[in-house]
Structures are given as structure tokens and as C-alpha cells.
Amino acid sequence: MTPVLDPSSFSSVSKCATKHLNLIYHVEFDRRVLKGKVALTVEVLEDKLSSLTLDSKDLKIFKVSANGQAAQFALGTKHKFKGSPLEITLPFELSRGQHVIVEIEYETSPSATALQWLTPTQTAGKKHPYLFSQCQATHCRTMIPCQDSPSVKHTYYAQVSVPRELVALMSALHDGQEPDPSDSSRVIYRFRQPVPMPSYLIAIVVGALESREIGPRSRVWSEKEYVDEAAFEFSETETMLKTAESLAGPYVWGQYDVLVLPPSFPYGGMENPCLTFVTPTVLAGDRSLAGVIAHEISHSWTGNLVTNRTWEHFWLNEGHTVYIERMIARCMESEQLRQFKGIGGWKELQESVKQFGANNVLTNLVPNLHEVDTDEAFSSVPYEKGFALLYHLEELLGGPEVFMGFVKSYIQLFAYGTVTTEEWKNYLFTYFKDKVDILNKVDWNAWMHTPGMAPVKPQYDTTMADACTALCQRWVKAKEEDFASFTEADVKKLNSPQLIEFMALLLQEEPLPLSHVKKMQEVYQLNSVKNAEVRFRWLRICVKAHWEEAVPLALKMATEQGRMKFTRPLFKEVYNFSKYSDEAVKTFKENRGALHPVTAMMVVKDLKING
């Protein structure tokens with residue numbers, strides 16, 4: 001394996017590697033901190049090791065020891081987004097192949113970016129506080145001093161003390177619970193994760209949670225207000241898991257549970273092992289849910305089992321995951337649906353490239369992240385440009401069955417390890433050794449290292465998309481005298497994914513005249529649609545058309561949930577309607593406390609607010 005240089009981490013990943021983490025947490029809701037102790041079992045990778053560096057950010061370090069002996073430590077200069085290197089001097093020298101247990105007593109800061117502390121009023125039940133974590137990409141260091149690089153994979157064990165009326169869950173298997181011997185008002189939950197995984201997949205949640213069984217290896221968890229609806233919505237989980245196993249090989253993580261979070265969760269889903277986190281916006285999603293769950297299930301292989309070595313190779317996680325997710329759609333529904341999803345993905349890629357600018361190096365499939373904050377680099381590029389490349393290769397090399405054979409073989413080869421683009425590409429050439437002449441014709445530099453759109457636009461089957469395109473064009477070309485030709489039947493013929501696509505197409509056109517948008521509402525009653533994906537696009541269309549009545553609805557949707565995919569564009573859309581720019585800023589400031597810290601940071605940049 002080539003030595004790792006991870007531009008997003010300070011830790012000495014080439015000198016030593018963490019093999020196991022043992023965590024003890026005391027969750028303090030009143031102070032909004034985790035008081036903790038972590039023991040890292042570290043393997044030495046070079047001779048004469050006498051010091052090591054870990055990642056930390058906003059942590060208070062009390063004490064460090066190595067094999068039980070006190071060790072000296074210092075926090076280096078704080079970097080604007082990477083945090084402060086925790087430099088530890090060992091009281092002895094170690095040789096290559098030896099192990100050392102480094103134990104650190106510390107506590108987190110109330111402003112730790114990995115953690116969101118919710119007051120009872122921010123929850124569905126309104127009675128108890130709630131805590132959840134989101135470590136991807138580089139936030140684990142605000143929760144644990146560690147080698148916060150995906151190049152390092154380790155197992156973990158944890159004990160978490162929480163108030164008795166609450167439940168703790170982690171991205172690991174439940175290993176029992178008992179009353180806290182030091183405080184009868186608290187309970188200790190225990191967890192074990194026997195499969196090695198990177199630090200960004202460590203996750204914790206504490207709240208008034210209930211669960212329902214939804215399959216032989218799955219439960220759904222949420223506050224009791226959502227739990228029955230969630231159990232109904234996630235009833236296909238086992239079928240999806242079995243479909244994924246038929247494509248990618250055995251599921252190695254034992255349990256596959258799903259946690260429905262409070263509305264401020266910033267992403268659609270997060271593939272924490274054994275416990276996928278999902279946004280509640282999928283519950284009224286009517287089929288958009290299937291895509292989110294298929295995506296997170298697919299990560300059990302691509303991302304969690306085979307992991308990008310650094311965040312510059314993030315497309316290896318996401319491009320393959322989107323590929324498998326759409327193969328699941330093909331198996332469970334139809335090839336036409338897979339093709340249709342490809343068309344939608346291309347549109348998302350166009351939107352990302354437009355936002356970044358076609359010459360922005362962050363639109364490279366393999367970007368250089370030296371001195372780049374991973375949160376600011378996050379977009380649909382690794383997902384959709386990555387998928388477009390894999391789909392292009394599938395077409396060149398013999399179709400979906402042939403290419404899925406390669407993906408499965410790639411997973412088996414790199415399972416439990418990490419991988420770079422170069423290693424992936426070398427294996428592609430090895431696997432298809434009889435088709436090297438075809439692979440040599442691919443413009444690899446244009447795909448990997450050139451900004452902007454993918455160099456080849458896939459030719460997708462447009463059967464499902466044609467109806468969306470036709471309806472979009474009818475509205476774009478319509479004069480007011482044509483309005484009578486539109487009826488409710490236009491959208492009744494479309495399923496949810498098609499309705500979303502129709503809206504997405506309208507968003508790519510010049511803004512519609514206000515008269516058209518008002519007519520659309522009158523005929524289709526879109527304001528009453530519950531599906532979050534449809535509603536989000538519809539409100540953007542309304543605000544773009546300068547329909548003033550839509551502004552409060554758009555701001556309401558931007559603040560009543562905090563999923564970045566919805567919140568950021570809605571705020572931006574209102575902000576760009578110059579009459580309401582101040583209103584957008586004011587509403588954001590009033591609601592900032594309820595948003596996840598990463599979401600709030602990105603909206604501050606979107607709305608050009610100072611601080």
C-alpha cells in the first residue's frame with residue numbers, strides 16, 4: 001500500500017495505525033458535553049516511534065497515558081477548520097509491529113460540530129432533550145481525539161451513561177445495559193463494533209426512543225410520535241438488503257437498523273454501520289424513501305466495507321453506492337426506472353457544476369483538498385459524475401451484469417480495507433484484461449482531473465422521462481389563451497419520481513411568468529403536496545417567478561426541517577428575490593439555533609452574512 005498523505009488530517013497515519021477504540025462516555029445534557037475517556041490500541045508502523053499526533057478540535061484534554069504511564073501532551077496551533085493537532089510524547093520508544101495503548105481523558109465542547117444538542121421543544125415529544133452526532137467527513141475529532149482519517153480502520157467498544165428515561169444507540173451492536181453504579185438516576189448502555197471501520201462512521205444518539213421490528217435483522221427507531229409510521233414506511237428493508245446481498249455479497253455488519261432523526265438532521269441519510277440515520281422528510285416522501293434507504297444499504301459495501309483512503313477519493317464511496325442503489329431499483333422495479341434515475345442524477349450534476357462554476361476544481365471527480373474544508377467541497381459531483389463514469393464503463397464493457405460482476409469482485413478484493421482511485425483503476429484493467437484496448441480509449445484525465453461536466457453524456461432510455469419533458473415544454477411555451485388545455489389529469493398520470501422530474505426540468509428553464517405559476521397551482525393544487533422532494537422544487541419555482549405568497553411557505557420549509565439539500569436552496573432562492581433578501585437573512589438568524597452547526601455555517605456563506 002502506498003504511504004498515505006491525508007490533507008484533511010493532522011494525525012501521523014504513516015507512523016502508526018489505530019486498531020481498536022475503547023470509549024467511555026458520560027452524556028451531560030445540562031452542559032451540552034460528553035465527558036469521556038478513550039483508549040486507543042495503536043500499532044506501530046516504523047522503528048523508534050517516540051511520539052504520535054492525533055486529530056482534535058475544541059476538545060479539553062485532561063490527561064494522557066501510554067501503557068498506563070503518564071505521557072506528555074500539547075495541543076498545536078489551531079487551524080481554521082482542521083482543529084488542533086494533539087501531540088503526544090511517549091515515555092518510551094517503540095519498534096515497528098509493537099502495540100501501545102494510549103488513554104486520554106477529555107471532554108467535548110458545547111459547540112462541537114459533530115454533535116447537535118436539541119432542547120425538548122425541538123423534538124417531537126417535547127418532553128426530553130435529544131443528542132445526535134454526524135461525524136462525516138472530519139467532525140469525529142470534535143467528539144474523540146483520534147486518527148480522524150478514513151485511511152485508518154478500527155473496531156470499537158463503548159459504554160455510555162445517560163439519564164434513565166433516555167435510550168442510547170451507536171453505530172454498533174447493542175451489548176447490554178445496566179444501572180450506572182455511580183448514579184442511580186442513570187443507565188449505562190454498552191456497544192461493540194467487531195468490524196473495522198473509519199472514525200467518520202462512529203455515531204451516537206441519545207433520546208426518548210422507541211423501536212419496532214421490521215425484519216429478521218432490522219428494527220426502526222425514532223421518537224414514539226413517528227415510530228409506527230416509520231415501521232410501515234420501512235417495511236421493505238429486508239427485501240432491499242437481500243437484493244443488495246445478491247448483487248454485492250454477504251452483509252457483514254449483523255444488524256441493519258434505521259433511526260428516523262428529528263427534522264434538523266442535515267442530510268437525507270447517513271450510513272452509520274448497524275444503524276442508518278435518515279431524515280424524517282422521507283416519511284411523507286412516497287417513494288423517495290426507497291432511494292434513500294437503497295443508497296444507505298449500498299454503503300454497507302461501498303464506503304463502510306471498502307472505504308476511500310482519503311476524502312479526495314470520495315467518489316469511490318459515492319459513485320459506486322449510487323451505482324448499486326440504482327441496480328437495486330433495477331432488480332426491484334425495472335431497468336426503465338434505473339435509466340430514469342440516471343437522467344435525474346445528470347440534472348443534479350448540472351446544478352452542482354453550475355453552482356460551483358464549470359472551472360472550479362471542486363467539480364473534478366478527484367479534487368485536490370489541500371487546505372480545503374471538506375464541508376465546502378461536498379456536492380452531488382462525487383455521486384453523479386462518479387455514477388456517470390461507472391455507467392459509461394458498463395456500456396463500453398458489456399452491460400449491467402458484466403459490470404456488476406466487476407463491482408462485486410472489487411468489493412471482495414478491497415473488503416475491510418481502503419482504496420485510492422489509482423488502485424481502483426489498476427484493478428479495473430486487471431479484471432477486464434481482455435478489454436484493455438477499450439479501456440485505453442477512455443479519456444481518464446478528462447473524467448478524473450478536469451473540472452465541469454462529465455466528458456461523456458450517457459444515453460439513457462427516456463421512456464419514463466418523455467412525459468415529464470413534454471409537460472414541461474407545454475408550460476414553457478404556453479400563452480395565457482392555452483391555459484384551458486391544462487387539467488389535473490396531466491399530473492395524475494405521473495408517479496412521484498416523474499412529478500419530481502417535471503419540477504426539476506422547469507427549474508432548468510427560465511423562470512415561468514407569474515400567471516403560469518398561479519395557473520399551475522389552481523389546476524394541480526401543488527401547495528398541498530406532502531412529498532418533500534416535490535414541495536421543495538415547487539416552492540423554488542414559485543419564488544423564482546416572484547410569487548410573493550410563496551415566500552413565507554418557502555421560508556417555513558427552510559426552517560421546519562434542516563436537511564441541507566432543501567434548506568440551502570430555499571434560503572438562497574428567497575435571498576435572490578431582492579425584495580425579500582432581508583427577510584431571508586432575518587428568518588435564518590431567528591432560526592439559526594435550531595439548525596445543525598454545519599447547515600448554519602453553509603447558509604451563512606450562501607446569504608453572505610458576516611459571522
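For clarity, every value in this text was computed on a predicted model and none was experimentally measured. (Residues numbered from 1 in each chain as written. Predicted model: local features only at pLDDT ≥ 70, side-chain atom pairs only at ≥ 80, totals over all residues. Heavy atoms only, no water.)

Asker: Can you lay out the state of the cysteines for me, pointing to particular residues and giving the numbers?
Answerer: The term disulfide refers to a covalent linkage connecting the sulfur atoms of a pair of cysteines. What the rule picks out here adds up to zero disulfides. With no disulfide partner, C472 has as its closest neighbouring cysteine sulfur the one in C468, 9.3 Å distant. Not engaged in a disulfide, the cysteine C542 finds its nearest cysteine sulfur in C472; these two sulfurs lie 15 Å apart. On the basis of relative accessible area, C542 is assigned to the buried category, the value being 1%. (Disulfide = S-S within 2.5 Å. Buried < 20%, exposed > 50% of the residue type's maximum accessible area, 1.4 Å probe, protein only.)

Asker: For the UniProt feature "binding site: a peptide" (unreviewed entry) in the chain, give the residues involved together with the corresponding values.
Answerer: According to UniProt, the feature "binding site: a peptide" (unreviewed entry) maps to Q134, C135, Q136, P266, Y267, G268, G269, M270, E271, R563, M564 and K565 in the numbering used here. On the secondary structure map, Q134 appears in the loop between β10 (130-133) and β11 (154-163). Residue Q134 is classed as buried on the basis of its relative accessible area, which comes to 2%. In this structure, Q134 is in contact with T113, A114, H139, F265, Y267, M270 and H596, ignoring residues within four places of it in sequence. Examined against the element boundaries, G268 turns out to sit in the loop between β18 (257-260) and β19 (269-270). With sequence-adjacent residues up to four places away left out, G268 is seen in contact with F277, V278, T279, V292 and R563. (UniProt positions renumbered as here; feature names shortened; annotations may be inferred. Helix = DSSP H or I, 4+ residues; strand = E, 2+ residues; numbered from the N terminus. Contact = heavy atoms within 4.5 Å.)

Asker: Which residues make up the pairing of strand β7 (residues 84-94), and what values do they have?
Answerer: For strand β3 (residues 49-56) and β7, the ladder comprises seven bridges, and the chain directions are antiparallel. Looking at β7, one finds that D55 is bridged to P85. Of the pairings in the sheet, the one linking strand β6 (residues 72-75) to β7 comprises four bridges and is antiparallel in character. Residue Q72 lies in a different strand from β7, and its bridge partner there is T89. (Pairing = 2+ DSSP bridges.)

Asker: Which residues make up the sheet that holds β3, and what are the values?
Answerer: Hydrogen bonds between backbone groups are what pair the strands of a sheet, and the pairing can be parallel or antiparallel. The strand order β3-β7-β6 describes an open sheet built from three strands, whose pairing is antiparallel. The open sheet has two edge strands, β3 and β6, and neither has a second partner. Each neighbouring strand pair of the sheet contributes to a mean axis angle of 20°, computed without reference to strand direction. (Axes fitted to C-alpha atoms, helices over the stretch in contact; angles between N-to-C directions.)

Asker: Let's hear about unusual backbone geometry: which residues, and what values?
Answerer: Across the junction of Q136 and A137, the peptide omega takes the value 0°, indicating a cis bond. Following the sequence through the fold, A137 ends up in the loop between β10 and β11. Here C274, not a glycine, exhibits a phi torsion of approximately 70°, which is positive. Of note, C274 is situated in the loop between β19 and β20 (275-278). With a relative accessible area of 4%, C274 lands in the buried category. Backbone geometry at H546 places phi at a positive 60°, although glycine is not the residue there. For H546, the position within the fold is in the loop between α16 (532-544) and α17 (550-560). Take H546: its relative accessible area is 42%, and that puts it in the partly exposed class.

Asker: A description of the pairing of strand β8 (residues 99-107) should follow, citing residues and the corresponding values.
Answerer: Bridging between strand β2 (residues 33-44) and β8 involves nine bridges; their strand directions are antiparallel. Counted as the bridge partner of K35 is E107 from β8. Note that strand β4 (residues 60-66) and β8 share six bridges and pair antiparallel. Counterpart to S65 in the pairing with β8 is E103.

Asker: How would you sum up the side chain of S11? Please name residues and give values.
Answerer: You can see S11 is positioned in the segment before β1 (16-28). Only 2.8 Å separates the side chain of S11 from the side chain of S9, close enough to count as a polar contact. A polar contact is formed between the side chain of S11 and the side chain of D55, at a distance of 3.4 Å. Sequence-distant contacts of S11, that is, excluding residues within four places in its chain, are made with T53, L54, D55, C146, Q147 and D148. (Polar contact = N/O pair within 3.5 Å; in protein donor to acceptor, adjacent residues only side chain to side chain.)

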